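Here is what each chain is made of, one letter per residue.
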Amino acid sequence: MDTNKKNREHISALSDGEIRDADQELALVALDTPDGREAWGLYHRIGDILRAEATADLSPGFSERLVARLAAEPAPGKRVATVPEPADAATGRVDGSTASI
């Protein structure tokens, strides 16, 4: 396993208060690196967001407008493919015009 990934797992467990005693020293050593400090801050910000109360920063009717816009979008994989018209043999133009390219 990648050492950096394992260190981040230890730091994550430490920040969640779920670190095993055997891994605690490894987590503390990992925290003494720039990557470890960055991971520590990141995991705490993620936790803060997950624990945050919903805010009323959205305008009235936002949810309804979002639902309506999403409903109007074509479903993934259901888009209609457009087939280009065959080129005119004499001009090489698709639209039938005679302008030169």
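Preceding this paragraph is the structure being described.
Residues numbered from 1 in each chain as written. Predicted model: local features only at pLDDT ≥ 70, side-chain atom pairs only at ≥ 80, totals over all residues. Heavy atoms only, no water.

(A) Fine view of the overall build of the protein chain. Within the protein chain one finds four helices and zero strands. Overall, the protein chain shows an N-to-C arrangement of helices and strands of α-α-α-α. Pairs at least 24 apart in sequence give 34% of the contacts found in the protein chain among residues at least 6 apart. Carbon and sulfur atoms make up 56% of the accessible area of the protein chain, which amounts to about 8600 Å² in all. (Helix = DSSP H or I, 4+ residues; strand = E, 2+ residues; numbered from the N terminus. Contact = heavy atoms within 4.5 Å. Areas by Shrake-Rupley, 256 points an atom, 1.4 Å probe, with all protein chains shown as cover.)

(B) Representation of the nonpolar core within the structure. Within the largest apolar cluster, seven residues are counted, these being I11, L14, I19, A27, A30, L31 and A39. Counting residues per element, this core draws most heavily on helix 2 (residues 21-31), at three residues. Every residue in contact with I11, bar those within four places of it in the chain, is listed here: A27, A30, L31, G36, A39, W40 and Y43. (Core = buried A, V, L, I, M, F, W, Y, C linked by side-chain atoms within 4.5 Å. Buried < 20%, exposed > 50% of the residue type's maximum accessible area, 1.4 Å probe, protein only.)

(C) Main features of the pattern of salt bridges. Enumeration over the complete set of coordinates arrives at three salt bridges. Salt-bridge contacts for K6 lead to E9; the nearest nitrogen and oxygen are separated by 3.7 Å. Linking K6 with E9, this pair stays in helix 1 (residues 3-15), spanning three residues, or about one helical turn. Note that D23 is salt-bridged to R20, the shortest N-O span being 3.2 Å. (Salt bridge = Lys/Arg side-chain N within 4 Å of Asp/Glu carboxyl O.)

(D) Representation of the environment of A27 in the model. Position of A27 among the secondary structure elements: in helix 2. For A27, a relative accessible area of 0% gives the class buried. With 15 residues separating them in the primary sequence, A27 and S12 have C-alpha atoms 8.8 Å apart. Once you skip the residues sitting within four places of it in the chain, A27 turns out to touch H10, I11, L14 and I19.

Interpretation note: all reported values are geometric properties and have no functional meaning in isolation.
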